[in-house]
Amino acid sequence: MLSVLTQAMQAPEDLVVSVDYVDSQGVSTRRIVSPIRFLAWMEIVEEAIGFARRQRDVEHDRIGLVGVSLGAYLSLAVASKHPEIRAVVDYFGGMPPVF
């Protein structure tokens with residue numbers, strides 16, 4: 001589903017970065033989400049934002065995040081710490097209580 005969503009969002013002039021935060025930590029999605037893992041996943045999303053910002057043709061004031069389920073929680077949490085994020089699409093997520 002995520003690859004279909006990513007393709008649907010991308011216009012010829014857009015850069016879309018899909019972040020696989022779970023596999024990067026070697027953690028099954030079936031495990032319980034802990035605050036420590038959540039913070040580590042937030043850092044991975046922040047690294048992806050940094051990657052996007054380093055791209056030559058990216059307008060730094062036009063960065064947005066799209067998240068599905070846990071990714072939506074992460075997108076909202078990261079955006080709450082980064083005022084340069086201009087838009088967030090929360091698809092079946094929410095705001096973690098600690099943010």
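Just above, that's the structure.
Residues numbered from 1 in each chain as written. Predicted model: local features only at pLDDT ≥ 70, side-chain atom pairs only at ≥ 80, totals over all residues. Heavy atoms only, no water.

## A look at the packing of helix 3 (residues 35-54) against helix 4 (residues 70-81)
Point 1. The contact between helix 3 and helix 4 brings their axes to 10 Å, and the two run at 70 degrees. The angle between helix 3 and helix 4 falls in the class roughly perpendicular. Every pair of crossing elements has a handedness; the one defined by helix 3 and helix 4 is right-handed. Residue-level contacts link Phe38, Trp41, Met42, Val45, Glu46 and Ile49 of helix 3 to Leu70, Tyr73, Leu74, Ala77, Val78 and Lys81 of helix 4. (Axes fitted to C-alpha atoms, helices over the stretch in contact; angles between N-to-C directions. Helix = DSSP H or I, 4+ residues; strand = E, 2+ residues; numbered from the N terminus. Parallel < 35°, antiparallel > 145°, perpendicular 65-115°, else oblique. Left-handed = near helix turned anticlockwise from the far one by under 90°. Contact = heavy atoms within 4.5 Å.)

## Structural notes on the environment of Trp41
Point 1. Turning to its location among the elements, Trp41 is positioned in helix 3.
Point 2. Sequence separation between Trp41 and Leu74 is 33 residues, and the spatial gap between their C-alpha atoms is 7.5 Å.

## Things to note about helix 3
Point 1. Its 20 residues place the ends of helix 3 29 Å apart at the C-alpha level, agreeing with the 28 Å of an ideal helix rising 1.5 Å per residue.
Point 2. Listed as buried for helix 3 are Phe38, Ala40, Trp41, Met42, Ile44, Val45, Ala48, Ile49, Gly50 and Ala52. (Expected span 1.5 Å × (residues − 1). Buried < 20%, exposed > 50% of the residue type's maximum accessible area, 1.4 Å probe, protein only.)

## Digging into the nonpolar core
Point 1. With 16 residues, the main nonpolar core has Tyr21, Trp41, Met42, Ile49, Leu74, Val78 and Ile85 as its most contacted residues.
Point 2. At the level of secondary structure, the elements contributing two or more residues to this core comprise helix 2 (21-24), helix 3, strand 1 (63-68) and helix 4.
Point 3. Among the elements that make up this core, the one with the highest residue count is helix 3 (six residues).
Point 4. Residues contacting Val78, with those up to four places away along its chain left out, are Met42, Val45, Glu46, Ile49 and Leu65. (Core = buried A, V, L, I, M, F, W, Y, C linked by side-chain atoms within 4.5 Å.)

## Section: unusual backbone geometry
Note: most peptide bonds trans; most residues except glycine with negative phi.
Point 1. In the Ramachandran plot, Ser69 falls in the positive-phi region, its phi being about 60 degrees despite a non-glycine side chain.
Point 2. For Ser69, the position within the fold is in the loop between strand 1 and helix 4.
Point 3. Residue classification places Ser69 among the partly exposed residues on the basis of a relative accessible area of 39%.
Point 4. Residue Phe92 is not a glycine yet carries a positive backbone phi of 65 degrees.
Point 5. Within the element layout of this structure, Phe92 appears in the segment after strand 2 (85-91).

## Let's talk about the packing of aromatic side chains
Point 1. Considering all chains together, one arrives at one aromatic pair under this definition.
Point 2. Centroid distance Tyr91 to Phe92: 4.7 Å. Interplanar angle 70 degrees. Geometry classified as edge-to-face.
Point 3. Judged by relative accessible area, Tyr91 falls into the partly exposed class, the value being 39%.
Point 4. Residue Phe92 is classed as exposed on the basis of its relative accessible area, which comes to 65%. (Phe/Tyr/Trp six-rings, centres within 6.5 Å; stacked < 30°, edge-to-face > 60°.)

Read these as geometric descriptors, not functional statements.
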